[in-house]
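# Structure at a glance
Residues per chain, in single letters:
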Amino acid sequence: MAKYKAYPEYKDSGVESVGVIPQQWSVLKLKYIFEIKKRIAGKIGYDVLSVTQKGIKIKDIDSGEGQLSMDYSKYQRVYTGEFAMNHMDLLTGYVDISAYNGVTSPDYRVFSVRDKHSFYSRYYLYLLQDGYKQRRFFHLGQGSAHLGRWRLPTEAFNEIQYPCPSFEEQTQIAAFLDHETAKIDNLIDKQKQLIELLKEKRQAVISHAVTKGLNPDVPMKDSGVEWLGEVPEHWVVSAIKYILRNQDSRRIPLSSEERGKRGGDYRYYGASGVIDYVDDYIFDEPTILVGEDGANLVTRNTPLAFSAKGKYWVNNHAHILKSEDELVDFWSEAIEHIDISPIVSGSAQPKLTAEALNNLKIAYSYQINERSDIEEYIITQRKKYDHLICAANEQVILLQERRTALISAAVTGKIDVRNWVALNTQDVEESQEAAA
């Protein structure tokens, strides 16, 4: 916040979570700022609105996904420009101004400013959203926080005290934040796009290594496998069962209670990787683990195959394969890049059976030295791209922290933006490039 100056004079707001405020600002309880509404729809046919941490969205009630109501006529009305707040869960709830006419849960809080000439809705939206981000309401909550039901009662909501600058300052602060947060959001989006590009590049580089080798000049041949295409002429194309030994008989599932009691230093593997830590192990050797079931077999949001080394436990949701050469990073990546969609059985509960896995074909070099070189290359490329992805993720975190801090500073008067003027488009683009 170094580039923004402070107000000339401050005073104690009398509100611990707010601290000092500019001398000319006042403090008001929310009951004097907002009017709470409670209008039951009485009929169906309205858009059903969900209050999410990404804003108010229209719920797709036809898909059958998520929590659905048996009678939307008992929901409450929300009009465009009104606030809707999920105050039933201060941990994961949120508040936003609705861009839609619709209905929302009767358990939520719907309200609007009492006087549009005294209170600017977007300024108070930033304040309320900052309250969620900074946990300013948390000490007022009731319920069972550890169960995710830490709600903000109406009485407590009404008694919350918030800063009240002049209406002109409210609009100026909101305009400033609209502009500056849009710039930050743009930078965050660019970093997220970079992360996705890096992930795609990492996958492409490793996929090429395990299916084409490292020598671009080697003669190629048709693999006879549609998804695999051409492979080096001296490579072997074979079913997994002739290369790797299945060890599924050695896996042992643990109940969630057993895992909870155990807790420990050893990794506990499931279909998507490490899912817990336990105080004992059943493997002390490198293996290849392949997810057996779950939506990941279709979405591939997490690896299908991964290597496991050291001491660990495996449940019955991951197939276990053993290689004689112990080059488990090579073999796991070779399997990871197989197109398994034609052989996954079941739509509700997708499953890759041991038989289907064993019959999958992969290409590999008979020469252990070549496989070893490819594995070393894979490990190097993983580290390289993981480092770049980690740096981009850290940048996203820093930008998000800056966004939160900027909002908090502006809405509580820690910075003076009364003389702020939006830069022109060219200046904005140049400042974004400089920040990037």
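The structure reproduced in this document is the subject of the present report. (Residues numbered from 1 in each chain as written. Predicted model: local features only at pLDDT ≥ 70, side-chain atom pairs only at ≥ 80, totals over all residues. Heavy atoms only, no water.)

## Overview of the sheet that holds strand β19 (residues 266-270)
In spatial order, the strands read β20-β19-β24-β21; together these four strands make up an open sheet with mixed pairing. Each end of this open sheet is capped by a strand with a single partner; those strands are β20 (273-278) and β21 (283-284). The pairing of β21 with strand β24 (residues 311-314) spans two bridges and is classified as antiparallel. When the sheet's bridge partners are listed, Asp284 is paired in β24 with Lys311. (Pairing = 2+ DSSP bridges. Helix = DSSP H or I, 4+ residues; strand = E, 2+ residues; numbered from the N terminus.)

## Comments concerning the environment of Lys199
Following the sequence through the fold, Lys199 ends up in helix α4 (residues 167-212). The class for Lys199 is partly exposed, based on a relative accessible area of 35%. Expressed as a C-alpha distance, the spacing of Lys199 and Arg382, which sit 183 residues apart in the sequence, is 9.9 Å. (Buried < 20%, exposed > 50% of the residue type's maximum accessible area, 1.4 Å probe, protein only.)

## Some details on the pairing of strand β25 (residues 318-322)
Most of β25 is tucked away: five of the five residues are buried. Here β25 shows no split at all, with Ala318, Ile320 and Lys322 on one side and His319 and Leu321 on the other all buried. Two elements, strand β18 (residues 245-246) and β25, share two bridges in a ladder whose sense is antiparallel. In the sheet register, Asn246 faces β25, and the bridge partner there is Leu321.

## Quick word on the sheet that holds strand β11 (residues 109-113)
Overall, antiparallel pairing links the four strands, which are arranged β4-β11-β8-β9 in an open sheet. Each edge of the open sheet carries a strand with a single partner, namely β4 (34-37) and β9 (95-97). Ignoring which end each strand starts from, the neighbouring axes of this sheet average 30° apart. As paired strands, strand β8 (residues 83-85) and β11 are joined by three bridges and run antiparallel to one another. Each bridged residue has a counterpart across the sheet, and for Ala84 the counterpart in β11 is Val110. Against the sheet, helix α2 (residues 121-133) contacts β4, β8, β9 and β11, and its axis sits at roughly 165° relative to β9. (Axes fitted to C-alpha atoms, helices over the stretch in contact; angles between N-to-C directions. Contact = heavy atoms within 4.5 Å.)

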